[in-house]
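# Results of the structural survey
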Amino acid sequence: MSNSTHRLSVIIDCDPGQDDALMLFLALNAPELDVLGVVACGGNVPLARTELNCRILVEMAGRTDVPVYAGCVGPMVEQLFTAEYLHGETGIDGIDFFEPSIPKQDMHGVDFIIETLRKAEDDEITLVPTGPLTNIAMALRKAPDILPKIKQIVLMGGASFEAGNVTPSAEFNIYVDPHAADIVMRCGRPIVMFGLDVTHQLMTNPCIVENISVLDNKVAHASAGMLDFFGQYDAAKYSAEGGPLHDPCTIAWLLEPEIFELKPCHVAIETTSELTRGHTAVDFWGVTGNEPNALWAHEANRDRFFGLLTERLALY
Ligand code: BDR
Ligand code: CA
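Throughout what follows, the structure given in this document is the object of discussion.

Moving on: the coordination of the calcium ion (ligand 2). Distances from the calcium ion (ligand 2) to its protein donors, Asp15 (OD), Asp20 (OD), Asp20 (OD), Thr130 (O) and Asp247 (OD), fall at 2.2 to 2.6 Å. Taken in sequence order, the residues that donate to the calcium ion (ligand 2) follow the motif D-x4-D-x109-T-x116-D. Residue Asp15 is located in the loop between strand E1 (8–14) and helix H1 (18–28), and its partner Asp247 is located in the loop between helix H10 (218–238) and helix H11 (248–255); the two are separated by 232 residues in the primary sequence. Asp15 sits in the buried class, given a relative accessible area of 0%. When its relative accessible area of 2% is taken as the criterion, Asp247 is described as buried.

With that out of the way, let us pick up the environment of Leu80. Turning to its location among the elements, Leu80 is positioned in the loop between strand E3 (68–70) and helix H3 (84–87). Since its relative accessible area comes to 29%, Leu80 is described here as partly exposed. Separated by 54 residues in sequence, Leu80 and Thr134 place their C-alpha atoms 11 Å apart.

All right, on to the site of ligand 1 then. As a matter of local geometry, ligand 1 sits amid Asp19, Asp20, Asn44, His87, Thr130, Met156, Asn165, Glu171, Phe172, Asn173, His246 and Asp247. In the model, an oxygen atom of ligand 1 is placed 2.4 Å from a nitrogen or oxygen of the Glu171 side chain. In the environment of ligand 1, an oxygen atom lies 3.0 Å from a nitrogen or oxygen atom belonging to the side chain of Asn173. For ligand 1, whose accessible area on its own is 280 Å², the fraction buried by protein is 98%. Of all the cavities here, the one that holds ligand 1 is the largest pocket. Tallied by class, the residues present in the shell around ligand 1 amount to two nonpolar, six polar and four charged.

A word on the nonpolar core. Counting 63 residues, the largest nonpolar core has Ile12, Val38 and Phe260 as its most contacted members. The greatest single-element share of this core, amounting to eight residues, is contributed by H1. Judged by nonpolar contacts, the second largest core, of 39 residues, contains Tyr69, Ile183, Met193 and Ala294.

Let's shift gears to the pattern of salt bridges. Under the criterion given, the structure shown has 10 salt bridges. When the shortest N-O distance is used, the salt bridge between Asp65 and Arg63 registers 2.9 Å. Residue classification places Asp65 among the exposed residues on the basis of a relative accessible area of 54%. Notably, a salt bridge pairs Glu78 with Arg277, separated by 3.5 Å at the nearest N-O pair. Taken together, the positions of Glu78 in the loop between E3 and H3 and Arg277 in the loop between strand E7 (260–269) and strand E8 (280–283) put the pair 199 residues apart, joining distant regions of the chain. With relative accessibility at 25%, the residue Glu78 sits in the partly exposed group. Here Arg277 falls in the buried class, since its relative accessible area comes to 13%. Through salt bridges with shared partners, a single ionic network connects Glu256, Glu258 and Arg304.

Of note, the bond from Pro16 into Gly17 is cis; its omega dihedral lies within 30 degrees of zero at -5 degrees. One non-glycine residue, Asp123, lies in the positive phi region at around 60 degrees. In this structure, Asp123 sits in the loop between helix H4 (109–119) and strand E4 (125–129). Among the residues examined, Asp123 registers a relative accessible area of 44% and is labelled partly exposed. With a phi close to 60 degrees, Ala163 is a non-glycine residue in the positive phi region. If you trace the backbone, Ala163 turns up in the loop between strand E5 (150–156) and helix H6 (172–176).

The next point concerns the sheet that holds strand E6 (residues 191–194). Paired through backbone hydrogen bonds, the strands of a sheet run either parallel or antiparallel to each other. Across the sheet, which stays open at both edges, the nine strands sit in the order E3-E2-E1-E4-E5-E6-E9-E7-E8 with mixed pairing between neighbours. A strand with exactly one partner marks an edge of an open sheet, and here the two such strands are E3 and E8. Across the sheet, the mean angle separating the axes of adjacent strands is 30 degrees when strand polarity is ignored. In this sheet, E4 lies alongside E1 in parallel orientation, the contact comprising five bridges. Opposite Val10, over in E4, you have Thr126 as the bridge partner.

Of all seven residues making up strand E9 (residues 294–300), five are buried, and the element is well covered by its neighbours. Where E6 meets E9, two bridges bridge the pair, whose relative direction is parallel. Residue pairing for E9: Met193 is matched across the bridge by Trp296. In terms of strand pairing, E7 meets E9 through six bridges, oriented antiparallel. In the sheet register, Cys265 faces E9, and the bridge partner there is Ala294.

Attention now goes to H1. Within H1, 11 of the 11 residues are buried, leaving the element largely enclosed by the surrounding structure. Along H1, the residues classified as buried are Gln18, Asp19, Asp20, Ala21, Leu22, Met23, Leu24, Phe25, Leu26, Ala27 and Leu28.

Definitions and cut-offs
Residues numbered from 1 in each chain as written. Chains lettered and ligands numbered in written order. Predicted model: local features only at pLDDT ≥ 70, side-chain atom pairs only at ≥ 80, totals over all residues. Heavy atoms only, no water. Donors = N, O, S within 2.8 Å, 3.2 Å for Na, K, Ca; no water. Helix = DSSP H or I, 4+ residues; strand = E, 2+ residues; numbered from the N terminus. Buried < 20%, exposed > 50% of the residue type's maximum accessible area, 1.4 Å probe, protein only. Near = heavy atom within 4 Å. Polar contact = N/O pair within 3.5 Å; in protein donor to acceptor, adjacent residues only side chain to side chain. Areas by Shrake-Rupley, 256 points an atom, 1.4 Å probe, with all protein chains shown as cover. 1 Å grid on protein atoms, 1.4 Å probe; cavity = no way out; pocket = protein on both sides within 12 Å on 5 of 7 lines; lining within 4 Å. Sits in = over half its atoms within 2 Å of the grid points. Nonpolar A, V, L, I, M, F, W, Y, C, P; charged D, E, K, R; others polar. Core = buried A, V, L, I, M, F, W, Y, C linked by side-chain atoms within 4.5 Å. Salt bridge = Lys/Arg side-chain N within 4 Å of Asp/Glu carboxyl O. Pairing = 2+ DSSP bridges. Axes fitted to C-alpha atoms, helices over the stretch in contact; angles between N-to-C directions.

Shown next, in the form of structure tokens:
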């Protein structure tokens, strides 16, 4: 369907979020990727804001050719839980706000995912969700015929040996919509997961932010501003030097897979318990007898990750 035969066709689904923003910047100037569209979901902040943020970030990256869609307002079953406490009122506090000129597309984001996959060849499209999995699960529910078109789902979500960041048991994206995560984990297509086990190995520090802030372009300056804001929460709460770069792991893996070590495992999602809602039960040792349904990232090369991020931001 795309004339870019050597590039990987991707649909990004996200909830910016400063770390989603960095993920978008990494994707939008990558010659290796053909970004077919960006879909917003309700997550870190409400949908009206994540959708606006997607348009701001896409425009900032100079990719006004990439369409932006609004997906679902909130989770399939639960009430939306947002994270202004971490990301600020706008979700991308740290940038100089402007009104984007690119429009929101009329089509619903879930329908965009379905239409695009229906037009694709089998195994053609990579889905990259870095927010709650609502839109992806809704697309699978509405149109299960799209399944063979999915090459892989490369997502940020979950936690195992690192435990949760929103409750002791759960990571934010899975916690917000555990029912959607459950549908995605059972879908049968290849899934690559970047959870807190690996994203907590990728904390920024003032030196990394400074290296980005001295790059001579507005995307890098906006990135440094956002990273500076994003790091303050962890600095205050955990005496850390900065914040974890969760969402960019997905695109970094597509661009330079050697940065990460992955293990095949079975991942199940807790949907019923109030105490452990959104817990990812990761079976590394085959104790459940379930076949692996995911590759789970457990180690990251910090220098290579931040090297890649800084190099790619320098190219704007
Ligand atoms: C995830 O939750 C959000 O706060 C971040 O954007 C990331 O996708 C980390 O738990
Ligand atoms: Ca996110």
